[in-house]
Amino acid sequence: MGGDPLVVRANLASVYGRIRLAEQRFGRAPGSVRLVAVSKRQSIQKIRAAWEAGQGSFGESYVQEALVKMTALEHLPLEWHFIGRIQRNKTQEIATRFHWVHGLADLRHAERLSQQRPVHLDPLRVFIQVNLSGEVTKAGIPPEAVADFIAACRELPNLRVMGLMTLPPPAQGEAAQRKPFQALRQLRDRVSKPCCPLPELSMGMSADLEAAIAEGATWVRVGTAIFGKRPS
Ligand SMILES: *Cc1c(COP(=O)(O)O)cnc(C)c1O
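All values derive from a computational prediction rather than experimental measurement.

## Overview of the overall build of the protein chain
Okay, step 1: The number of helices and strands found in the protein chain is nine helices and eight strands.
Okay, step 2: A compact globule built from 232 residues should have a C-alpha radius of gyration of about 17 Å, and the protein chain, at 17 Å, falls within 12% of that.
Okay, step 3: Across the 232 residues of the protein chain, 50% fall into the buried class.
Okay, step 4: Partitioning the contacts of the protein chain with sequence separation of at least 6, the portion at a separation of at least 24 is 59%.
Okay, step 5: With an accessible surface of roughly 11,000 Å², the protein chain has 53% of that area assigned to carbon and sulfur atoms.
Okay, step 6: In the protein chain, which carries 31 positive and 21 negative side-chain charges, the distance between the mean positions of the two groups comes to 2 Å.

## With respect to the nonpolar core
Across soluble globular proteins, nonpolar side chains show a tendency to be buried alongside one another.
Okay, step 1: Counting 59 residues, the largest nonpolar core has Leu104, Ile128, Leu164, Val220 and Ile226 as its most contacted members.
Okay, step 2: Not counting residues within four places of it along the chain, the set of residues in contact with Val220 comprises Ile19, Val33, Arg34, Leu35, Val36, Met203, Gly204, Leu209 and Ile213.
Okay, step 3: Ranked by size, the runner-up nonpolar core spans six residues in total, among them Phe127, Met162, Met165 and Trp219.

## A short note on the site of the ligand
Okay, step 1: Neighbouring residues of the ligand: Val38, Lys40, Ile83, Leu167, Met205, Ser206, Arg221, Val222, Gly223, Thr224 and Arg230.
Okay, step 2: Side-chain polar atom of Lys40 to an oxygen atom of the ligand: 2.7 Å apart, as the coordinates give it.
Okay, step 3: Arg221 places a polar side-chain atom, nitrogen or oxygen, 2.9 Å from a nitrogen atom of the ligand.
Okay, step 4: Tallied by class, the residues present in the shell around the ligand amount to five nonpolar, three polar and three charged.

How each quantity is defined
Residues numbered from 1 in each chain as written. Predicted model: local features only at pLDDT ≥ 70, side-chain atom pairs only at ≥ 80, totals over all residues. Heavy atoms only, no water. Helix = DSSP H or I, 4+ residues; strand = E, 2+ residues; numbered from the N terminus. Rg over C-alpha atoms; globule rule 2.2 N^0.38 Å. Buried < 20%, exposed > 50% of the residue type's maximum accessible area, 1.4 Å probe, protein only. Contact = heavy atoms within 4.5 Å. Areas by Shrake-Rupley, 256 points an atom, 1.4 Å probe, with all protein chains shown as cover. Lys, Arg positive; Asp, Glu negative; His and termini not counted. Charge placed at Lys NZ, Arg CZ, Asp CG, Glu CD. Core = buried A, V, L, I, M, F, W, Y, C linked by side-chain atoms within 4.5 Å. Near = heavy atom within 4 Å. Polar contact = N/O pair within 3.5 Å; in protein donor to acceptor, adjacent residues only side chain to side chain. Nonpolar A, V, L, I, M, F, W, Y, C, P; charged D, E, K, R; others polar.

Put into structure tokens, the structure is as follows:
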């Protein structure tokens with residue numbers, strides 16, 4: 001499972017092309033959308049190829065697998081995003097080894113992550129996962145509970161709440177794809193306060209990143225379009 005570096009490079013260029021075009025098309029500032037290259041179940045060689053093509057942020061869903069990759073690549077200044085389901089017995093590794101967590105949805109996890117975040121590191125940057133209706137998984141905070149959840153997380157010294165994240169079921173066509181992303185943005189606008197804004201929205205993947213950018217995504221999480229189909 002090497003992965004041809006030229007293919008990864010070409011795919012990455014094409015994904016950045018899609019992002020920049022969508023920024024233009026929807027009146028977003030150039031460079032306002034960042035990319036997490038989702039490397040879960042993909043090889044270390046492919047991550048290295050993406051790095052060599054200029055990509056610095058990578059998303060992983062499985063802690064043990066991520067740790068192996070981080071160790072193999074520790075000489076590179078990569079930024080790691082945890083995008084998987086948080087398990088209670090893995091919070092220590094997440095708090096220690098990752099820079100961002102997309103998908104925080106349990107206050108006990110938030111408390112552990114804050115406690116376990118080493119003090120010499122910047123606060124762990126987190127997205128609150130929101131369960132809009134019809135979600136693939138049951139993960140996520142219901143919209144009406146998001147404001148209180150954020151307020152509780154803001155009490156935790158070693159976490160920094162950056163924004164909201166969602167993972168809607170696949171939908172066909174841009175109009176249908178935009179609906180949940182629009183709902184997330186509107187929720188963000190309602191719960192964001194001048195004292196403590198929520199600047200980031202983590203939404204959009206390989207198949208729907210344009211729709212997410214149209215609705216205000218600041219991070220898109222893209223795997224397949226960069227690294228190809230994940231081996232099963
Ligand atoms: C796997 C995954 C992605 C990437 O999905 P692709 O369809 O491969 O782009 C994005 N976000 C999350 C939370 C994921 O688990």
